[in-house]
Each structure stands twice: as C-alpha cells, then as structure tokens.
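Notes for the structure review
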Amino acid sequence: MSEAETIIQMENVHTPILQDISLQIKKGEIITLIGGSGAGKSSLLMLLNRLVDPGEGTIHYKGKDVREYEVPELRKSIGMVLQSSSLFEGTVLDNLSFGPKLFQEWEDDMGEELLEHVQLPASYLDRDVETLSGGEQQRVAFARTLANRPDVLLLDEVTSAVDLKNVELIEAFLLEIVPASAHAIIMVTHDVKQAQRLGDRTIFMDGGAIVEAGPTGQLFADPQSEQLQYFLKE
Ligand SMILES: Nc1ncnc2c1ncn2[C@@H]1O[C@H](COP(=O)(O)OP(=O)(O)OP(=O)(O)O)[C@@H](O)[C@H]1O
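Here is a short report on the structure shown in this document. Since the structure is predicted, the reported quantities are computational estimates derived from the model, not experimental observations.

**Considerations on the packing of helix 3 (residues 92–102) against helix 4 (residues 110–117)**
- Packing of helix 3 against helix 4 brings their axes to within 10 Å, and their N-to-C directions diverge by 105°. When the axes of helix 3 and helix 4 are compared, the pair comes out roughly perpendicular. When helix 3 is examined against helix 4, the residues Val92, Leu96 and Pro100 are found in contact with a partner set consisting of Met110, Gly111, Leu114 and Leu115.

In structure tokens:
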C-alpha cells in the first residue's frame, strides 16, 4: 500500500498559548484531540484555518504555507464546526446555499443531497432554522460546512450539546465521510470514549503542549506520561 499523503504539517509552532506544536496529519485520518480544560485544544484548531497565526514555526496545508492561501479559499477547504452552531437567520436552504453561492458552486439538487448526509428529510430545506431542535441545528451546521466540499474538517466539541440519538447519528456520518471523500478530521472531544470510538490517532494536550500522541488504541491502553494517566483516571 502506498504511503498516505500528508495533508497538514505543523512544525515547531509557538503562540502565546501553544508551545512547540509539531504534528503531521495524513489524508483519510481521524485525529481526536483530548486534554483538560484550557489545555489548548481549541487554540490548536484555530491555527489550522487561520483564525490565529503562529508567532514562530510553520503550518503547511497540502504542501503550501497556510499564509500563502487566500483566507476564504483556505476556510472553504478546511471547514469548521463548533459546539453550538451559529446558523444564520433564515431557512435551512439559506444556510446550506450561502457558502457555495459565494463561489458560484450552488446547484439546485445540492440541498437535498446535503440533508441526506445528515439524515434529515428534504422537507427541512424550507424550515426556519429557529424551529429546529438543537440536534437538528447541529446536523444542519454540519451540512452547511459539507456544502463547501472541504478536504479537512475541524470539529470542536460538536456533540457535547446534543442528545444521544444525535451523537450516534453524527458519529455515524463522520465515519462515512472519511472513507467516502478522504477528508481528514481533527476533532476536539471531552468524551474519551468518543475519542476511542472515532480516532485513528489521538493527541493528548496539557498546558498548551502535545504531551503524547499515537494510534488511539495504543495511547489509551498504555499511556506513557503521568499527565495522561492522571487525565484518564479522572
Ligand atoms: N483570545 C484569548 N486570549 C487570551 N487567552 C486565551 C484566548 N483564547 C484562549 N485563551 C487561553 O488559552 C488557554 C487554552 O485555551 P483553549 O480554548 O485552547 O483550551 P481548550 O483545551 O480548548 O479548553 P476547553 O476544553 O475548556 O475548551 C486557556 O487558558 C484560555 O484561557
């Protein structure tokens, strides 16, 4: 089997919050990012789509420094979904079509197709987003991000405010998306069981640094650092 292509490479990145972050993410990987509150997980995600730039070090996306991309182009290709989605006022269709219309890529049958991915019926296209449940809103937020056909998804606590049924649905389509379109997913989660269910590799952060990283099964079965051992006991 040929070696999977590196899609993201961070080298010795420092910010006021993060210390010496180096990592490599390959196409098709799901990376789960764990660590206590304030460990720097969200800060790391924000570097990847240029919500923050490093003080020192470099970040390459598809072989090119992220600072060489136009920001809208980068954020189209590296999509982000947060814990509580901030959908725009209006209908589901308004939300789904917004990004693709900016890039003249909207086609009429896309709405239905996008909702299918997140298991919502086509009739939802005309629903005002305010009338949806929290879990449904979160699924629409995913569909809105997927509408831009991103190659990488950054997910920050995306299931922590939804019920179990929606957690299961979201996890199921995440596991489908990666093999179907070779997206890489970098996912912050407080739920270590979720990290184990989804992650190919897991990164454990503490104090703004990566303390330990490795194949998920191995990391949980045999944590090396005292910090991770302590974190898993909590
Ligand atoms: N804009 C900011 N200005 C100053 N400090 C910040 C800013 N954003 C984050 N921090 C601090 O940086 C540290 C890391 O925050 P970050 O949100 O990345 O952690 P996290 O691991 O995602 O935490 P949580 O799990 O609680 O969301 C925290 O101490 C936080 O208070």
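**Observations concerning helix 3**
- Looking at helix 3, one finds that the buried residues are Val92, Asn95, Leu96, Ser97, Gly99 and Pro100.
- In this structure, the buried side of helix 3 is in contact with helix 4 and helix 5 (134–146).
- One or two residues past the end of helix 3 sits Gln104, with phi positive at roughly 50°.

**Overview of a nonpolar patch on the surface**
- Among the surface-exposed residues, Phe88, Phe98, Leu102 and Phe103 lie close enough to one another that they form a single nonpolar patch of about 380 Å² accessible area.
- Looking at the secondary structure, you find Leu102 in helix 3.

**A closer look at the sheet that holds strand 6 (residues 78–81)**
- One open sheet holds the six strands; their spatial order is 6-7-8-3-9-10, and the pairing between them is mixed. The open sheet is flanked by strand 6 and strand 10 (209–215), the only strands paired with a single partner. Geometrically, the sheet is characterised by an average inter-axis angle of 15° between neighbouring strands, direction not taken into account.
- Running over the sheet, helix 9 (residues 226–233) touches strand 3 (30–35), strand 9 (201–206) and strand 10 and is turned about 100° from strand 9.

**Some details on the sheet that holds strand 5 (residues 64–65)**
- Across the sheet, which stays open at both edges, the four strands sit in the order 2-1-4-5 with antiparallel pairing between neighbours. This sheet does not close on itself; its edge strands, each paired only once, are strand 2 (21–26) and strand 5.
- Note: strand 1 (residues 6–14) against strand 4 (residues 56–61), five bridges, orientation antiparallel. Within strand 4, the residue paired with Ile8 across the bridge is Tyr61.
- Sitting on the sheet, helix 1 (residues 41–48) touches strand 1, strand 2 and strand 4, and the angle it makes with strand 1 is about 120°.

The rules behind the values
Residues numbered from 1 in each chain as written. Predicted model: local features only at pLDDT ≥ 70, side-chain atom pairs only at ≥ 80, totals over all residues. Heavy atoms only, no water. Axes fitted to C-alpha atoms, helices over the stretch in contact; angles between N-to-C directions. Helix = DSSP H or I, 4+ residues; strand = E, 2+ residues; numbered from the N terminus. Parallel < 35°, antiparallel > 145°, perpendicular 65-115°, else oblique. Contact = heavy atoms within 4.5 Å. Buried < 20%, exposed > 50% of the residue type's maximum accessible area, 1.4 Å probe, protein only. Patch = residues over 30% accessible without salt bridge, like charges linked within 9 Å, V, L, I, M, F, W, Y side chains within 5 Å. Areas by Shrake-Rupley, 256 points an atom, 1.4 Å probe, with all protein chains shown as cover. Salt bridge = Lys/Arg side-chain N within 4 Å of Asp/Glu carboxyl O. Pairing = 2+ DSSP bridges.

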